[in-house]
Amino acid sequence: MSGNFLALAQPGVQQLSPYVPGKPVDELARELNLDPAKIVKLASNENPLGPSPKVLAAIREELAELTRYPDGNGFVLKSLLAERCRVELSQVTLGNGSNDILELVARAYLAPGLNAVFSEHAFAVYPIVTQAVGAEARVIAARDWGHDLPAMLAAIDAQTRVVFIANPNNPTGTWFGADALNEFLQDVPGHVLVVLDEAYIEYAEGGDLPDGLDFLAAYPNLLVSRTFSKAYGLASLRVGYGLSTAVVADVLNRVRQPFNVNSLALAAACAALKDAEYLEEGRRINESGMQQLQQGFRELGLGWIASKGNFICVDLAQEAAPVFQGLLREGVIVRPVANYGMPNHLRITIGLPAENSRFLEALAKVLARG
Ligand SMILES: *Cc1c(COP(=O)(O)O)cnc(C)c1O
């Protein structure tokens, strides 16, 4: 008789639920027999501008080299990032998406008997990487939907090795300021690696959101993770990075798969970093789209959680699942967040003006049906 391979999985894995991605456009098109071109997807915090032409050109150029392994050290991209981020090259870790960085941290620093601390309503990947290596996920109740940093601090013990904090957080969009971050970092014991996940930082620049890089020199137990998936518009290519001390980067490098970032992604990320206009246009579109959605919510009498990201959680004051389903039938894909402990909210990624309008019209229609 063969073994029960679910029961044989390590206990942390048995208790995990797999990550639930946003519904793909083609899947909805197949299910409802809709024209994929008419479907609006505002579900995965992707950049609505599409890829930058400069990035596409860089990828095309790289295609000729597809038979070769990529540069496993990512020298060119790391050099660019080191310069941008005012760190040494030895402090940069490249990842297959910043998700990879989170996994490397867990693999290198967590194990059964140890724990990671993170917030309720925080990014779904934190429990996955933590429990996948058999460590305890210590989830701290949120405060006004955001991180309760003092409570997270209080939850740290001798077995804590990692704290994951996202600023701004996904899916809530909530954020904390420089003073709160500084106080937190000052009080975190030195044996705890603080992973500051800044996946949306490019959208928040210039506001009251702290720049994690400003804290790297003072706190050797800080790792800042960032990504090309969101503001840089390269979600499909899977490329992100971590910035830390050279010691932490060296440790992560030991567990990294040798060619974790492919050559097209490396070339694209380099081109994206140099394309300031694309980033600026993305920010502008995001800001006006955020206003557009909030105005729409106001007109529908709906509340929302203030957000610094490229997405916003609307409060439907009722179970959101039927509304989500109604929106699908209208050809609009948004993101349910019941699995994040938010059954009355939907998370909407800011789209182009016409996409935002399509969503708002569909929402009004679905809500009117009751
Ligand atoms: C999207 C996201 C990431 C990672 O995305 P990658 O595509 O793996 O770089 C990390 N953290 C948060 C909070 C996110 O929303």
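Up top is the structure these notes are about.
Residues numbered from 1 in each chain as written. Predicted model: local features only at pLDDT ≥ 70, side-chain atom pairs only at ≥ 80, totals over all residues. Heavy atoms only, no water.

A. Layout of the packing of aromatic side chains. Taken as a whole, this structure holds 11 aromatic pairs when the rule is applied. An aromatic cluster of three or more residues is present, and its members are Tyr-19, Phe-118, Phe-123, Tyr-126 and Phe-164. Seen from the ring of Trp-175, Lys-308 lies directly overhead, with NZ or CZ sitting 4.8 Å from the centre. Between the NZ or CZ atom of Arg-347 and the centre of the ring of Phe-311, over which it lies, the distance is 5.8 Å. (Phe/Tyr/Trp six-rings, centres within 6.5 Å; stacked < 30°, edge-to-face > 60°. Lys NZ or Arg CZ within 6 Å of the ring centre and 35° of its normal.)

B. A look at the pattern of salt bridges. One pass over the full model with this rule turns up 17 salt bridges. As a salt-bridge pair, Glu-65 and Arg-68 come within 4.0 Å of each other at their nearest N and O atoms. Overall, Arg-68 belongs to the exposed group, its relative accessible area being 59%. Residue Arg-283 pairs with Glu-280 through a salt bridge whose shortest N-O separation is 2.7 Å. Taken together, the residues Arg-283 and Glu-280, both in helix α13 (residues 276-299) and 3 residues apart, mark about one turn of the helix. A relative accessible area of 17% means that Arg-283 is categorised as buried. Overlapping salt bridges bring together Lys-23, Glu-27 and Glu-31 as one network. (Salt bridge = Lys/Arg side-chain N within 4 Å of Asp/Glu carboxyl O. Buried < 20%, exposed > 50% of the residue type's maximum accessible area, 1.4 Å probe, protein only. Helix = DSSP H or I, 4+ residues; strand = E, 2+ residues; numbered from the N terminus.)

C. Representation of the pairing of strand β2 (residues 92-95) in the model. Every second residue of β2 is oriented toward a common face, with Val-92 and Leu-94 on one face and Thr-93 and Gly-95 on the other, all of them buried. Pairing of β2 with strand β8 (residues 240-243) involves 4 bridges; the strand directions are antiparallel. Bridged to Thr-93 within β8 is Gly-242. (Pairing = 2+ DSSP bridges.)

D. Fine view of helix α3 (residues 53-62). When α3 is considered as a whole, its buried residues turn out to be Val-55, Ala-58 and Ile-59. The buried residues of α3 occupy an angular sector of 100 degrees when projected down its axis, which confines them to one face. Turned more than 90 degrees away from the buried face of α3 sit Pro-53, Arg-60 and Glu-61, all of them exposed. The secondary structure elements touched by the buried residues of α3 are α12 (263-274). Where α3 begins, one side-chain oxygen reaches toward the backbone nitrogen of Lys-54, 3.1 Å away; that side chain belongs to Ser-52. (Arc of directions from axis to C-beta. Contact = heavy atoms within 4.5 Å. Polar contact = N/O pair within 3.5 Å; in protein donor to acceptor, adjacent residues only side chain to side chain.)

E. Highlighting the pairing of strand β13 (residues 345-349). With 5 of 5 residues buried, β13 is to be regarded as a mostly interior element. Side-chain alternation along β13 places His-345, Arg-347 and Thr-349 on one buried face and Leu-346 and Ile-348 on a second face that is also buried. As paired strands, strand β12 (residues 335-336) and β13 are joined by 2 bridges and run antiparallel to one another. Its bridge partner lying in β13, Pro-336 is registered against Leu-346.

F. Broad picture of the packing of helix α5 (residues 98-109) against helix α11 (residues 246-255). For the pair α5 and α11, interaxial distance at closest approach is 9 Å and the crossing angle is 90 degrees. Between α5 and α11, the angle falls in the class roughly perpendicular. Residues Leu-104, Val-105, Arg-107, Ala-108 and Tyr-109 of α5 pack against Val-248, Val-251, Leu-252 and Val-255 of α11. Class assignment of the residues belonging to the contact of α5 with α11 gives a composition of 8 nonpolar, no polar and 1 charged. (Axes fitted to C-alpha atoms, helices over the stretch in contact; angles between N-to-C directions. Parallel < 35°, antiparallel > 145°, perpendicular 65-115°, else oblique. Nonpolar A, V, L, I, M, F, W, Y, C, P; charged D, E, K, R; others polar.)

G. Examining the site of the ligand more closely. Around the ligand, the surrounding shell consists of Gly-97, Ser-98, Asn-99, Phe-123, Asn-170, Asp-197, Ala-199, Tyr-200, Thr-227, Ser-229, Lys-230 and Arg-238. The contact in question runs from a nitrogen atom of the ligand to an N or O atom on the side chain of Asp-197, over 2.6 Å. Here an oxygen atom of the ligand and a side-chain polar atom of Arg-238 are 2.7 Å apart. For the ligand, the accessible surface in isolation is 380 Å², of which the surrounding protein chains cover 93%. Classifying every residue of the shell around the ligand gives 3 nonpolar, 6 polar and 3 charged. (Near = heavy atom within 4 Å. Areas by Shrake-Rupley, 256 points an atom, 1.4 Å probe, with all protein chains shown as cover.)

H. Region of the structure containing unusual backbone geometry. Following Asn-167, the chain continues into Pro-168 via a peptide bond in cis, with omega recorded as -5 degrees. With respect to the element layout, Pro-168 can be found in the loop between β5 (160-166) and α8 (178-187). Cis geometry is found at the peptide bond from Asn-170 to Pro-171, where omega equals 15 degrees. One non-glycine residue, Arg-86, lies in the positive phi region at around 55 degrees. Among the structural elements, Arg-86 can be located in the loop between α4 (75-85) and β2. A residue is classified by how much of its surface remains accessible, and Arg-86, at 54% relative accessible area, is exposed. Backbone geometry at Trp-145 places phi at a positive 75 degrees, although glycine is not the residue there. In this structure, Trp-145 sits in the loop between β4 (136-140) and α7 (149-155). For Trp-145, a relative accessible area of 30% corresponds to the partly exposed category.

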